[in-house]
Amino acid sequence: MADRIAIMKNGVIQQIGTPADVYRRPQNLFVASFIGTPSMNLIKGRIERRGGRYSFVSEVGSLTINVSGYVSSAELAEGPVLLGVRPEHIGFSAAAVTSDVTSSFKVQIVEPMGSETIIYGSHEGMPIVVRANGETEPAPGTEASITIDADHINLFDEGSGNRL
């Protein structure tokens, strides 16, 4: 594998970096969706200032994540954004929702892959893909819980698609 890669779209370079950096910190929505299988989950919502800290609040459902520690090239501001999170940065539990940190998740399709299991489902109608360990095999149609790791999220401007 190369030390550095370039991601292009229609002959225009979108991002140059190490494979790990491009995967972890995509510069725009094209790169976020192009690199990685399954693709990065993208959740519509907005940044809101609550009690002196910034939070991401999903457009659908009750998903709220503290993003005050998010490292951005500019200061965060209130407004519409897309939150990106890789499937492996979503915690999965077959148990029902037990706290404000977890969200409900309806299991739809389960793909056992040996060392990992890919779980397709939804949170209040919003599609989400989770990469769990290979011993996790919930039954389709069951209710479970997910937790998003705020240390591994990406925020994108909804209008331009660029990383914040």
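Relevant structure appears above.
Residues numbered from 1 in each chain as written. Predicted model: local features only at pLDDT ≥ 70, side-chain atom pairs only at ≥ 80, totals over all residues. Heavy atoms only, no water.

Sheet strands pair via backbone hydrogen bonds, and the direction of the pair is either parallel or antiparallel. Spatial ordering of the open sheet is given by β5-β4-β3-β6-β12, a layout of five strands whose pairing is antiparallel. Each edge of the open sheet carries a strand with a single partner, namely β5 (64-66) and β12 (153-157). Pairwise comparison of adjacent strand axes, ignoring direction, gives a mean angle of 35 degrees for this sheet. Where strand β3 (residues 41-50) meets strand β4 (residues 53-58), six bridges bridge the pair, whose relative direction is antiparallel. If you follow Arg-50 over to β4, its bridge partner there is Arg-53. (Pairing = 2+ DSSP bridges. Helix = DSSP H or I, 4+ residues; strand = E, 2+ residues; numbered from the N terminus. Axes fitted to C-alpha atoms, helices over the stretch in contact; angles between N-to-C directions.)

Right, let's get into the nonpolar core. With 26 residues, the main nonpolar core has Val-67, Phe-105 and Leu-155 as its most contacted residues. Within the residue set of this core, elements represented by two or more residues are β3, β4, β6 (79-85), β7 (90-93), β8 (103-112), β10 (126-133), β11 (143-148) and β12. The element that contributes the greatest number of residues to this core is β10, accounting for four residues. In this view, Val-67 contacts Ile-47, Tyr-54, Ser-55, Phe-56, Leu-76, Ile-153 and Leu-155; residues no more than four positions away in its chain are not counted. Counting five residues, the second-largest nonpolar core is a separate cluster that includes Leu-29, Ala-32, Leu-82 and Phe-156. (Core = buried A, V, L, I, M, F, W, Y, C linked by side-chain atoms within 4.5 Å. Buried < 20%, exposed > 50% of the residue type's maximum accessible area, 1.4 Å probe, protein only. Contact = heavy atoms within 4.5 Å.)

Below, the discussion takes up the sheet that holds β10. Within the open sheet, the five strands sit side by side as β7-β11-β8-β9-β10. Their pairing is antiparallel. Only two strands of the sheet have a single partner each, and these edge strands are β7 and β10. The sheet shows a mean angle of 40 degrees between the axes of neighbouring strands, direction not considered. Note that strand β9 (residues 116-123) and β10 share eight bridges and pair antiparallel. Across the sheet, Ile-119 pairs through a bridge with Val-130, a residue of β10.

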